[in-house]
Structure formats: C-alpha cells, structure tokens
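# Overview (structure and organization)
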Amino acid sequence: MNTWLSQLKYLVIGTIFGIIFVKAEVISWFRIQEMFRLQSFHMYGVIGSAVMVGMLSVWLIKKFNIKTLDGETVVFHPKKFNKGQIYGGLLFGLGWAVTGACPGPLFAQIGVGATVVAVTLLSAIAGTWVYGRFREKLPH
Amino acid sequence: MDILTFLQQPWPWYIAGPLIGLTVPVLLLVGNKSFGISSSLRHICAACVPAKVPFFDYDWKKEAWNLFFVGGILLGGIIAGTLLANPAGMSVSPKLVTELSQYGINDYHSLVPVQLFNWPALLSVRGLLMMVGGGFLVGFGTRYAGGCTSGHAIMGLSTLQWPSLVATICFMIGGFIMANLILPFILSL
C-alpha cells in the first residue's frame, strides 16, 4: 500500500519531471513574460504539445483498456463546473504572470537556487489555507 | 560535442512538451494517479495547519504520493540547476529585453531574474507584491479554481473536461492582464 518504498517511485518521477521543467525553461519568469506578451511561441509549444501527448495517451488507455502496473483499471475523475474555475482561474493567472511560476515550478525554482522563492511558496500555502478557511463564504 | 554539453543546452519545446505530456500516462499507469501539483499545497495545509477547517479535514496521508512528487521536482531543480545548468544563461526575445531594460532589468544569467527575486527585495514594496502577493494569488487561485496548469491545463484538457478548458482560458486572461496592464506598474515601483 502506502509504504515509503512505494512512494519513492513518485520521488523519481518528480525528479525527472523537475529536470525537464528546468531544461525546458518553463520555470523561467522570462519565458512566462514572453508568453503573456506574445513574444515567443515557446510556452505555447510546450503546453500545446504536452496536452496533445496527454490526450493521445488517455485515448489509448481508454481505447485499449490499458491497466496500471498493478493490474487495476485506470480511474478518471470527471470535474464539475463551478464559478470557482472562473474567479480562481483569473486570480491564479494574475499570480502566475507576476511570480513567473505555477505551483510545480515554484519547487523547481527553489531547487535551481532561487532560495527566496521559498517565501513565495509559503505565501502560496497561506493562500491555499485562506481559501480553505473562507471557502463557504466564496461564490462557487 | 560531449553528452554533458549537449544536455546543458536548453531543450526545445517539441522535446520538453511531449515529455511533460507523458507524465499523464506515467502517473496513471504507475499508480492510478491524476496529474496535478497544486493539491500538494492543500496536503501541506492539512498536514501542518488543519486548524479544524473542514476543507483540510481529510486523510492527507493517502495523498502523500503528491508530496513525494513535488519533493522530486525540488530535487530535479537542484540536479538540473547544478549539473545541467546552461552556462550561457537565458536567451530571450529582443522585445522583452527592450521592455525590461526600462525597469533596469538586464541580468539573464539565471532562469529567475535575480534583480527582482532576492532576499533584500522582500523589504521593498515591489518585491513584497511580487513574491508574497504573487505567491498568495497562486495558492488561493489554484485551490479556488480546483487546479493549476498541470491539473487543469494538462490533465483536465487531456481528459476533455470542459470545466478545465474554462479554467485554462481564465488562467490565460488573468496572465495577460497582469503581464500587460498591472506588472508594468509594479515593476516601476
């Protein structure tokens, strides 16, 4: 089940993923600025081709009923629409362009030596907590 | 060119993008996990400061894989930032160079602009807004939206979820507003 050893594979996948993040420069504040100022195709190419490969993989998994390594059926979690995707999406977009990072890149930025990003990460955790605390009062 | 020099170059989008996309099937097939990173911030809250908030009252240990995954991203950053770092620095669009030079930003040796994101800058209004304010928006916004670039834009679109398309469009609108309308003001502070 959830043994420490079985979790290590996620550490390995995350590590490879982190290396790709850095080498693709998608964790770069400059690349994010280029994207939102329409000055480069790079980020659009990365996200677009990632979605294409993701879509094709999911289609293949469903089409051929490919099982997990443990022989389980792959489970997909349908998302329900709520207004949070609009309000929250806009707020995250503002944060993405100012910090030059989504949640994943925050961890990678700290890794490449921008230690002060730990403050940004703590602030993001605080933001998540405040959302959780006031969730009932927010429009969804 | 030896292999290390080769790996130190930045990777083009058509290599990096498909590799990032492959994370979707890898996580699904290795452990039936849906790709998503912002949930890790929620699990950290649930583990460290649940404070009897219902939203943080769940068995986060069942989702611990996500914390190992982001731990890996940090480790990957360390490896790529030391062994595989590009000695040439960033090469960015000349238009961006011109725009940023107006604000005195001209150091491209790192992926993160050291002139904006550094410890002393935390004491300035500009730095505080960008690092603390921006971080808060990232954490609050992703949870409110129910996901971030990985959960909505990549996993959500890969599984043809229309709420994820709405969220992704809103991420982009927010980003365009910040980068073009608000950020110039913040940078000039």
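Residues numbered from 1 in each chain as written. Chains lettered and ligands numbered in written order. Predicted model: local features only at pLDDT ≥ 70, side-chain atom pairs only at ≥ 80, totals over all residues. Heavy atoms only, no water.

Once that is clear, we can look at the pattern of salt bridges. Enumeration over the complete set of coordinates arrives at 3 salt bridges over all chains. Two residues, Glu25 of chain A and Arg31 of chain A, come together in a salt bridge whose shortest N-O distance is 2.6 Å. Since its relative accessible area comes to 5%, Glu25 of chain A is described here as buried. In this structure, Arg37 of chain A and Glu99 of chain B form a salt bridge, with 2.5 Å as the shortest nitrogen-oxygen distance. (Salt bridge = Lys/Arg side-chain N within 4 Å of Asp/Glu carboxyl O. Buried < 20%, exposed > 50% of the residue type's maximum accessible area, 1.4 Å probe, protein only.)

Moving on, we get to the interface of chain A and chain B. It is common to give the size of an interface as the accessible area lost on bringing the parts into contact. The partner chain B presents 128 residues to the 107 residues of chain A that form the contact. In total, chain A and chain B occlude about 10200 Å² of area from one another, counting both sides; carbon and sulfur atoms represent 77% of this. The interface formed by chain A and chain B includes 1 salt bridge. The interface formed by chain A and chain B contains 30 residue pairs in polar contact (both at pLDDT 80 or more). Mapped onto the side of chain A that touches chain B, the elements with two or more residues apiece are helix 1 (4-23), helix 2 (29-36), helix 3 (42-63), helix 4 (84-99), helix 5 (103-111) and helix 6 (117-134) of chain A. Looking at which element gives the most residues to the side of chain A that touches chain B, the answer is helix 4 of chain A, with 16 residues. Residue composition of the side of chain A that touches chain B, by class: 62 nonpolar, 33 polar and 12 charged. (Contact = heavy atoms within 4.5 Å. Buried area = accessible area lost by both parts, 1.4 Å probe. Polar contact = N/O pair within 3.5 Å; in protein donor to acceptor, adjacent residues only side chain to side chain. Helix = DSSP H or I, 4+ residues; strand = E, 2+ residues; numbered from the N terminus. Nonpolar A, V, L, I, M, F, W, Y, C, P; charged D, E, K, R; others polar.)

Applying the stated criterion to the full structure yields 23 aromatic pairs over all chains. Residues Tyr131 of chain A and Phe55 of chain B carry aromatic rings whose centres are separated by 5.4 Å and whose planes lie at 85 degrees to one another, so their mutual orientation is edge-to-face. Taken together, the residues span two chains, with Tyr131 of chain A in helix 6 and Phe55 of chain B in the loop between helix 3 (39-48) and helix 4 (64-82). The exposure classification of Tyr131 of chain A matches that of Phe55 of chain B, with both residues buried. Members of the aromatic cluster, each reached through a chain of ring pairs, are Tyr87 and Tyr131 of chain A together with Phe55, Phe56, Phe136, Phe140 and Tyr144 of chain B. The aromatic ring of Phe55 of chain B is capped on one face by Arg42 of chain B, whose charged end is 3.8 Å from the ring centroid. (Phe/Tyr/Trp six-rings, centres within 6.5 Å; stacked < 30°, edge-to-face > 60°. Lys NZ or Arg CZ within 6 Å of the ring centre and 35° of its normal.)

Our next topic: the nonpolar core. Counting 95 residues, the largest nonpolar core has Phe30 and Trp96 of chain A together with Phe35, Phe69, Ile73 and Met130 of chain B as its most contacted members. The greatest single-element share of this core, amounting to 8 residues, is contributed by helix 8 (residues 162-187) of chain B. With residues near it in sequence (within four places) discarded, Ile73 of chain B still touches Gly14, Thr15, Phe17, Gly18, Phe21, Gly104, Phe107 and Ala108 of chain A together with Ile37 of chain B. (Core = buried A, V, L, I, M, F, W, Y, C linked by side-chain atoms within 4.5 Å.)

Counted by the stated rule, this structure contains 1 cavity of 30 Å³ or more. Counted as a void, the largest cavity has a volume near 180 Å³. Lining the largest cavity are 18 residues, with Phe21, Val26 and Cys102 of chain A together with Thr149 and Ile154 of chain B positioned closest to its centre. Every element with two or more residues in the lining of the largest cavity is listed here: helix 1, helix 3 and helix 5 of chain A together with helix 7 (149-158) of chain B. (1 Å grid on protein atoms, 1.4 Å probe; cavity = no way out; pocket = protein on both sides within 12 Å on 5 of 7 lines; lining within 4 Å. Points joined across faces, edges and corners; volume = space filled by probe spheres on them.)

So, about the UniProt feature "transmembrane region" (unreviewed entry) in chain A. All names here are of chain A. UniProt records the feature "transmembrane region" (unreviewed entry) for residues 12-30, 42-61, 86-106 and 112-132 in the present numbering. Taken end to end, residues 12-30 is 74% helix and 0% strand, and its two terminal C-alpha atoms sit 28 Å from one another. Structurally, residues 42-61 comprises 100% helix and 0% strand, and the distance from its first C-alpha atom to its last is 28 Å. (UniProt positions renumbered as here; feature names shortened; annotations may be inferred.)

It is worth spelling out a nonpolar patch on the surface at this point. Together, Leu165, Ile169, Ile173, Ile177, Leu181 and Ile182 of chain B make up a nonpolar patch on the protein surface, roughly 500 Å² of accessible area in all. By secondary structure assignment, the location of Leu165 of chain B is in helix 8. (Patch = residues over 30% accessible without salt bridge, like charges linked within 9 Å, V, L, I, M, F, W, Y side chains within 5 Å. Areas by Shrake-Rupley, 256 points an atom, 1.4 Å probe, with all protein chains shown as cover.)

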